[in-house]
Amino acid sequence: MSKREFQTEVSQLLQLIIHSLYSHPEIFLRELISNSSDALDKLRHLTLTEDSYKALPFNPRIDLELDEENKTLTIADTGIGMNEEELVSHLGTIARSGTKNFLSQLSGDAKRDSNLIGQFGVGFYSAFMVADSIEVISRKAGEDQAWRWVSDGKTGFEIERAERPTAGTTILLHFNEEGKQYANSWRLQEIVKKYSNHIAFPIFLTYDKSEWDEAEKKSTKIRTTEQVNAASALWRRPKSELKEEDYKELYKSVAGGWEDPLFWFHTKAEGSLDYTTLFYVPSKAPLDLYQAEYKVGVKLYVKRVFIMDDAKELLPQYLRFIRGIIDSEDLPLNVSREILQQNRVLTSIRTASVKKILSELKNIAANQPEQYLKFITEYNRPLKEGLHGDFANRETLLDLVRFKSTKVEGLTSLADVKSRMKEEQKSIYYITGGAEPLLRTSPLLEIYKKKDLEVLILDDDIDEIVFSGVDKYGDIDLKAVNKASTSEDLKDEAEPEKAEALQPLLDKLKATLGENVKEVRASVRLADSPSCIVSDEEEPSMKMQQMLRAMGQTDIPALKPTLEINPDHEIVKKLLARSDDATTQDAAWLLFDQALLMEGVPLQDPAAFVQRLNRILNLSI
Ligand code: ADP
Ligand code: MG
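Just so we're clear, the structure is a prediction, and the values are computed from it rather than from any experiment. (Residues numbered from 1 in each chain as written. Chains lettered and ligands numbered in written order. Predicted model: local features only at pLDDT ≥ 70, side-chain atom pairs only at ≥ 80, totals over all residues. Heavy atoms only, no water.)

### Examining the packing of helix H20 (residues 582–598) against helix H21 (residues 606–620)
Between two packed helices, what matters for the description is the angle formed by their axes and the separation of those axes. The condition is simple: Working convention: axes come from line fits to C-alpha atoms, limited for helices to the stretch in contact. Angles between N-to-C directions cover 0 to 180 degrees. Here a strand is any run of E in DSSP of at least two residues, a helix any run of H or I of at least four, and the numbering for each starts at the N terminus. If an angle is under 35 degrees, it is roughly parallel; if it is over 145, roughly antiparallel; if it lies from 65 to 115, roughly perpendicular; otherwise it is oblique. By definition, any crossing whose near helix is turned counterclockwise from its far helix by less than a right angle is left-handed, and any crossing with a clockwise turn is right-handed. Throughout, a contact is declared for two residues whenever any of their heavy atoms are within 4.5 Å. The residue classification treats Ala, Val, Leu, Ile, Met, Phe, Trp, Tyr, Cys and Pro as nonpolar and Asp, Glu, Lys and Arg as charged. All others, Gly included, are polar.
Packing of H20 against H21 leaves a shortest axis separation of 10 Å and a crossing angle of 125°. If you check the angle between H20 and H21, you find them oblique. As for the relative orientation of H20 and H21, their crossing is left-handed in sense. Residues Thr583, Asp586, Ala587, Trp589, Leu590, Asp593 and Leu597 of H20 pack against Phe609, Arg612, Leu613, Arg615, Ile616 and Leu619 of H21. Classifying every residue of the contact of H20 with H21 by side-chain character gives eight nonpolar, one polar and four charged.

Structure follows, in structure tokens:
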């Protein structure tokens, strides 16, 4: 017998599972059954596709055996099994990146953390909530040696050779105080029906059934084995036969969801391609949504046979929050990952699935605004990623994303923005490049306020990248207010004289600021502020450049901004009247620096800024 220690993360996780007041310990059974189901799926797939496995027996079943007296339960399957090495690595370490991510999000607040566990599902280890000792006896399909793994869930486990007549895995739970309530056949049947009714394999329960003996006039106990689940691939049944509860249950048992899903889309396609898809939108965004190593949520089946659950090519990346099933009649059972990447059948299913999901979302937006608000609160950002990458569906995605705005509370759609456009309004305007309060007080918005034009507040960090590539909504231009050319839209007739009169001052300012600015020119977009900075059409904004540098991108050329001056501002008028001197030079710098500050760009030389400010203050006091 050899003793091993758990990986540190496992011990941490176990501590947490056992000591956090977890509100649904019953899910241990769902987790163990779903592992058995996965193991059966894997073996079936191999017996269908790998020559060396073809001769192996495949009698798929999951058996629960209850010993009420000794308070033990075994969960046995005829699946793929595990050999010594796999027992050690699968049940002694945490390989799943999602689990590590989960651990890193824990706060130490028991209530909050147990919610997190609930959303996440901790797999095999959840059995330690209800058992103070767990034995796993497993024999890998195609191998002769079986192994026993035993642990109390504290520091480590022991592993030794064992006997098992056939391949598969048996898990023996010795219930603890908390777990004793599950040493009850009613309770077990109820839990299986609740969470695992539509697992594709039969689940049997063996227990002591009480039966009334008419002759003896008393009830006796008879050892009985009964199937307790429906065992059908529910997604293949017609929609008309399925109830809301069926969908919710399938979400929890197959798609690994915890809370009820927000909504689901069930499609059966027949014709040139035959397939069924059932997609769920979780009510909360998955915890790993923004991790590079996110867990794929869609499982691929071929003719009801599970094929894989980690194929990132089933849906585009921006729809990675979708959970569910794609079941195809046309793919070969032995389809490999390499084949998937360029398979025409899968490409067609994927294209149609994306269209379907997006059009259903559009329906919900139109007909169930409250539900849609819940959706968009969680998923606005991934949809924006779609705008960046999915050109074919850009128009639909533009209708689905939502925006903050200067005109309405909460979020608004582009369709609504369009309906509010003024008659003389040429484009839809937006501002990017910082947090919401900074954007809302930007001097760049002044003219829009004055002219009563709506501006969208795009404060998400990916907005500038995404929307610099989106220049139209239907036939209307989308324009960033901090781009130099956008002010063309706003020009008044009286403009040219004003600019001309200002020219001598503009020249002086340019001479003072030198290479720090590309150009100094008269502005038409300012009302209350004396100055602002803008960028050229093709160039990232000053704020964006700063962010790219902060992200470690060092090869960005130092792009110079254009300084715009408000010809109508008091300070500017006074400066124009003044002859060139030290004060004018201080003022030039102050006009430039304050415009940078309003953009959220830190000053290169704060000390110089303060000295100038104090000189000017000194004059006025
Ligand atoms: P997950 O199922 O999400 O991978 P679990 O903690 O539930 O995480 O299980 C860890 C791993 O242990 C599984 O991925 C699988 O490789 C292995 N495993 C667990 N139960 C079984 C079983 N009944 N048969 C074969 N392998 C199993
Ligand atoms: Mg599992």
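Moving on, there is more to tell.
### Section: helix H11 (residues 369–389)
Since one α-helical turn is 3.6 residues long, residues separated by three or four positions face the same way. Basically, it comes down to this: A helix is expected to reach a length of 1.5 Å times the quantity of its residues less one. The reported bend at a residue is simply the angle between two axes, fitted to the 7 residues ending at it and to the 7 residues beginning with it.
A rise of 1.5 Å per residue sets the reference length of H11, with its 21 residues, at 30 Å; its end C-alpha atoms lie only 26 Å apart and thus fall more than 12% short of the reference. Residue Tyr379 marks the point of greatest curvature in H11, where the axis turns by about 65°; the proline Pro382 follows within four residues. Where H11 is buried, its residues contact strand E10 (263–269), strand E11 (275–281), helix H10 (344–367), helix H12 (394–400) and helix H16 (463–468).

### Some remarks on the sheet that holds strand E21 (residues 531–534)
Selection criterion: Pairs of strands are assigned from DSSP output, requiring at least two bridges between the strands.
In space, the three strands of this open sheet follow the order E20-E22-E21, with mixed pairing throughout. Because the sheet does not close on itself, it has two edges, and the strands there are strand E20 (519–522) and E21. With direction set aside, neighbouring strand axes in the sheet form an average angle of 30°. Bridging between E21 and strand E22 (residues 562–565) involves four bridges; their strand directions are antiparallel. Along E22, the bridge assignment pairs Val534 with Thr562. Across the sheet, H20 touches E21 and E22, and the angle it forms with E21 is around 60°.

### Section: the pairing of strand E9 (residues 218–227)
Alignment of strand E8 (residues 203–213) against E9, held across ten bridges, turns out to be antiparallel. Counterpart to Glu211 in the pairing with E9 is Thr220. Counted along the chain from E8 to the antiparallel partner E9, the turn is four residues long, and its residue Lys217 has a positive phi close to 55°.

### Some remarks on the pattern of salt bridges
Note the following rule: Salt bridge, as applied in this entry: a Lys or Arg side-chain nitrogen positioned within 4 Å of an Asp or Glu carboxyl oxygen.
The tally for this structure, following the rule as stated, stands at 41 salt bridges. A salt bridge links Glu564 to Arg525; the nearest nitrogen and oxygen atoms lie 2.8 Å apart. Taken together, the residues Glu564 in strand E22 and Arg525 in the loop between E20 and E21 connect sequence positions 39 residues apart.

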